[in-house]
Amino acid sequence: RAFTKRLDLYPYQKLFFSRFVYGHLVSVFPDDVTYIPYLNWLTEDDTILAISGIANPKPFIRYLRTFKARIKVKVFSDHHNFSYRDIDRILERFEAMPGKKKYIITTEKDAVKLACHPHYPQALKAHTFYLPVKVQFTQQQGNVSFDETLRKLIADGNSTSQ
């Protein structure tokens, strides 16, 4: 309410809020994996190497830290292109990690780059997953959803253009 009041919207303007919603892990190399773990299955004996090359990795890392597994983090700059040396360092970090079960979890954006990398080690493929994310609109004042508002605007626009 405070944010809405501060914006001082006109009566015809609508304000919607959104948030990130994370999905279940997806294998970066589906042909090499026999099962996909659920993050809530992991224990304190398990370790995740979180790899990120996005502008703001904090929400991604913060989300992973809500689970019991130990988290090791390797952050690259936004739009990072993984070099052969980067891949070697990822392998070294993975092999040095403690853990009953060990996983590499990355963002969707970085998963595409890793999946296409010719130097990505076969030994890591079964352990490499990405965490899908989507933007979810929350309800606005008056309980009118973003989808309903958008559909109405499109329908009204189509009827006035004919």
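Scroll up a little and you will see the structure.
The notes below deal with the structure included here. (Residues numbered from 1 in each chain as written. Predicted model: local features only at pLDDT ≥ 70, side-chain atom pairs only at ≥ 80, totals over all residues. Heavy atoms only, no water.)

Brief notes about the pattern of salt bridges
If you walk through the whole model with that rule in mind, you get three salt bridges. For Lys-109, the salt bridge identified is with Asp-78, shortest N-O distance 2.6 Å. Here Asp-78 lies in the loop between β4 (70-75) and α3 (84-96) and Lys-109 lies in helix α4 (residues 108-115), a separation of 31 residues in the sequence. The class for Asp-78 is partly exposed, based on a relative accessible area of 33%. (Salt bridge = Lys/Arg side-chain N within 4 Å of Asp/Glu carboxyl O. Helix = DSSP H or I, 4+ residues; strand = E, 2+ residues; numbered from the N terminus. Buried < 20%, exposed > 50% of the residue type's maximum accessible area, 1.4 Å probe, protein only.)

Some thoughts on the packing of aromatic side chains
Applying the stated rule across the entire model yields eight aromatic pairs. With 5.9 Å between their ring centres and 65° between their planes, Tyr-103 and Phe-129 make a pair best called edge-to-face. Here Phe-129 lies in strand β6 (residues 128-131) and Tyr-103 lies in strand β5 (residues 102-107), a separation of 26 residues in the sequence. Comparing Tyr-103 with Phe-129, the two get one shared label, buried. Judged by centre distance (3.9 Å) and plane angle (10°), the rings of Phe-137 and Phe-146 are stacked. (Phe/Tyr/Trp six-rings, centres within 6.5 Å; stacked < 30°, edge-to-face > 60°.)

What about the sheet that holds β6?
Taken in spatial order, the five strands of this open sheet run β2-β6-β5-β3-β4, and their pairing is mixed. In the strand order of this sheet, the two ends are held by β2 (26-27) and β4, each with one partner. Note that β5 and β6 share four bridges and pair parallel. Bridge pairing in β6 links Thr-106 to Tyr-130. Packed onto the sheet, α3 meets β3 (47-52), β4 and β5 and runs at close to 140° relative to β5. Relative to the sheet, α4 contacts β3, β5 and β6, its axis offset from that of β5 by approximately 110°. (Pairing = 2+ DSSP bridges. Contact = heavy atoms within 4.5 Å. Axes fitted to C-alpha atoms, helices over the stretch in contact; angles between N-to-C directions.)

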